[in-house]
Amino acid sequence: MAGAALSTDEGPKVPYYRPIHREVEVFDHAFRNQLALMIKGPTGCGKSRFVEAMAATVERPLVTVACHDDTSATDLLGRYLVQGGDTVWQDGPLTRAVRQGAILYLDEIVEAREDVVVVLHSLTDHRRQIFLDRLNETLTAPPEFMLAISFNPGYQRGFKELKPSTRQRFVGLSFQYPEPAVEAEIVAQESGVEPAMARRLVTFVTKARNLEEFGLNATASTRLLAHAGRLIRTGMPARLACRVGVIEPLTDDADIRAALQDTADLIL
């Protein structure tokens with residue numbers, strides 16, 4: 001999971017990332033070998049921040065697309081637009097990333113339409129190419145281009161998932177929430193809250209994650225803990241910050257909210 005974006009007076013912001021296992025090493029080898037990367041993990045566990053940090057590490061531009069039900073191949077490749085009475089071609093984010101030799105990050109790829117996945121096939125094998133039929137142009141990705149995708153395997157609408165023929169074009173990483181000591185370190189860095197309070201926040205969430213009777217559709221993420229930590233850092237009482245920063249975003253069920261709040265009150 002990543003932490004706060006740090007900055008200095010001498011240069012631009014640099015994204016903070018706390019390595020958990022060997023994911024940085026895996027990214028480095030995938031990048032050097034021109035292999036696409038698939039990242040799986042629950043919401044708010046650091047997938048996007050990891051890609052952001054790695055793009056900065058290899059000093060490549062990062063082009064991010066948040067995929068959804070209406071994301072189509074045309075959206076990614078580009079289209080003709082009318083501007084000032086003229087018809088002009090506008091590259092989509094995929095085409096732009098290939099031309100620039102950027103890192104292209106498709107977040108929640110399983111939410112995109114099937115034609116998006118088809119377009120990626122020729123980009124994720126030995127060809128590393130995309131074909132722009134409207135321009136009658138074939139683009140070959142430069143060595144520094146990299147494709148990274150992510151999704152949450154625990155939350156997929158209907159039966160949408162990546163086919164084996166697609167998955168096997170990628171190097172895979174599985175992310176999980178870090179162990180409590182590391183997660184507390186991340187929350188403190190991300191939010192600026194005192195380490196002791198970060199540890200209490202993590203203790204609460206760890207208990208909540210282990211209480212299956214709550215029946216939550218999704219568990220509390222490290223991101224939510226960082227939100228609560230920021231609220232506490234600026235003076236909000238800890239129990240209130242935990243309620244509005246963690247509990248309310250998790251569920252609308254009054255009984256579950258009350259149970260979670262009771263747990264938080266005992267710890268905070």
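Residues numbered from 1 in each chain as written. Predicted model: local features only at pLDDT ≥ 70, side-chain atom pairs only at ≥ 80, totals over all residues. Heavy atoms only, no water.

**Student:** Can you lay out the overall build of the chain for me, pointing to particular residues and giving the numbers?
**Tutor:** Of the regular secondary structure elements, the chain holds eleven helices and eleven strands. The dimensions of the chain, computed from C-alpha atoms along their principal axes, are 65 × 45 × 45 Å. A burial count over the chain gives 46% of its 268 residues as buried. When contacts within the chain are restricted to residue pairs at least 6 apart in sequence, those whose partners lie at least 24 apart make up 69%. (Helix = DSSP H or I, 4+ residues; strand = E, 2+ residues; numbered from the N terminus. Buried < 20%, exposed > 50% of the residue type's maximum accessible area, 1.4 Å probe, protein only. Contact = heavy atoms within 4.5 Å.)

**Student:** Go over the packing of helix H7 (residues 180-191) against helix H9 (residues 222-233) with me, naming the residues and quoting the values.
**Tutor:** When two helices pack together, their arrangement is given by the angle between their axes and by how far apart the axes lie. One way to put it is that H7 packs onto H9 with a least axis distance of 8 Å and a crossing angle of 50°. Regarding the angle of H7 to H9, the classification is oblique. The interaxial crossing formed by H7 with H9 has right-handed handedness. Of H9, the residues touching H7 (which contributes Glu 183, Ile 186, Val 187, Glu 190 and Ser 191) are Thr 222, Leu 225, Ala 226, Gly 229, Arg 230 and Arg 233. (Axes fitted to C-alpha atoms, helices over the stretch in contact; angles between N-to-C directions. Parallel < 35°, antiparallel > 145°, perpendicular 65-115°, else oblique. Left-handed = near helix turned anticlockwise from the far one by under 90°.)

**Student:** Tell me about the pattern of salt bridges, and name the residues and values.
**Tutor:** What the rule picks out here adds up to 17 salt bridges. Between Glu 25 and Arg 22 there is a salt bridge, with its nearest N and O atoms 2.8 Å apart. Of the residues examined, Glu 25 reaches a relative accessible area of 37% and is grouped as partly exposed. Judged by its relative accessible area of 57%, Arg 22 falls in the exposed class. The shortest N-O distance in the salt bridge between Arg 99 and Asp 91 comes to 2.7 Å. (Salt bridge = Lys/Arg side-chain N within 4 Å of Asp/Glu carboxyl O.)

**Student:** Hey, could you go over the sheet that holds strand E3 (residues 36-40) for me, with residue numbers and the actual values?
**Tutor:** On the basis of which strands lie adjacent, the open sheet formed by five strands has the order E4-E7-E10-E3-E11 and parallel pairing. Looking at the sheet topology across the chains shown, the edges are occupied by strand E4 (62-66) and strand E11 (170-174). Recorded for the sheet is a direction-independent mean angle of 20° between the axes of neighbouring strands. Across five bridges, the pairing between E3 and E11 is parallel. If you follow Leu 37 over to E11, its bridge partner there is Val 171. This element, helix H4 (residues 93-100), spans E4 and strand E7 (103-107) of the sheet and lies at about 165° to E4. (Pairing = 2+ DSSP bridges.)

**Student:** Requested: an account of the side chain of Arg 128, with residues and values cited.
**Tutor:** Within the secondary structure, Arg 128 is located in the loop between helix H5 (114-121) and strand E8 (129-132). No salt bridge is formed by the buried Arg 128; the nearest opposite charge belongs to Glu 144, separated by 7.1 Å. Reaching out from Arg 128, the side chain makes a polar contact with the backbone oxygen of Phe 145 at a distance of 3.0 Å. Not counting chain neighbours up to four residues away, the residues in contact with Arg 128 comprise Gln 34, Ser 122, Leu 123, Leu 139, Thr 140, Ala 141, Pro 142, Pro 143 and Phe 145. (Lys, Arg positive; Asp, Glu negative; His and termini not counted. Polar contact = N/O pair within 3.5 Å; in protein donor to acceptor, adjacent residues only side chain to side chain.)

**Student:** Residue-level account of the packing of aromatic side chains, with values.
**Tutor:** To describe a pair of aromatic rings, one takes the distance between the centres and the angle between the planes. Scanning the model with the defined rule gives five aromatic pairs in all. Ring plane angle 90° and centroid distance 6.0 Å describe the contact between Phe 27 and Phe 50, whose orientation is recorded as edge-to-face. Taken together, the residues span a long stretch of sequence, with Phe 27 in helix H1 (residues 23-32) and Phe 50 in helix H2 (residues 47-57) at a distance of 23 residues. Classification of Phe 50 as buried rests on a relative accessible area of 0%. Arranged with centres 5.3 Å apart and planes meeting at 75°, the rings of Tyr 80 and Trp 89 form a pair that is edge-to-face. Members of the aromatic cluster, each reached through a chain of ring pairs, are Tyr 17, Phe 27, Phe 31, Phe 50 and Phe 175. (Phe/Tyr/Trp six-rings, centres within 6.5 Å; stacked < 30°, edge-to-face > 60°.)

**Student:** I'd like a description of the environment of Ile 103, backed by residues and values.
**Tutor:** Residue placement: Ile 103 occurs in strand E7. Residue Ile 103 is classed as buried on the basis of its relative accessible area, which comes to 0%. Apart from the residues lying within four places of it in its own chain, the contact partners of Ile 103 are Phe 27, Phe 31, Val 51, Ala 55, Val 58, Arg 60, Pro 61, Leu 62, Val 63, Glu 144 and Met 146.

**Student:** Outline the environment of Pro 249, supporting the account with residue identities and numerical values.
**Tutor:** Summarising the element assignment, Pro 249 is placed in helix H10 (residues 238-250). For the pair formed by Pro 249 and Leu 224, sequence separation is 25 residues and the distance between their alpha carbons is 8.3 Å. Discounting chain neighbours no more than four positions away, the residues touching Pro 249 are Leu 224, Arg 243 and Val 244.

**Student:** An account of the packing of H10 against helix H11 (residues 254-267) is needed here, citing residue identities and associated values.
**Tutor:** Viewed as axis vectors pointing N to C, H10 and H11 meet at an angle of 145°, and their least axial separation amounts to 10 Å. Like other packed secondary-structure pairs, H10 and H11 cross with a definite hand, here right-handed. On H11, the residues touching Arg 239, Cys 242, Arg 243, Ile 247, Glu 248 and Leu 250 of H10 are Arg 257, Leu 260, Gln 261, Ala 264 and Asp 265. Here the residues of the contact of H10 with H11 are counted per class, giving five nonpolar, one polar and five charged. (Nonpolar A, V, L, I, M, F, W, Y, C, P; charged D, E, K, R; others polar.)

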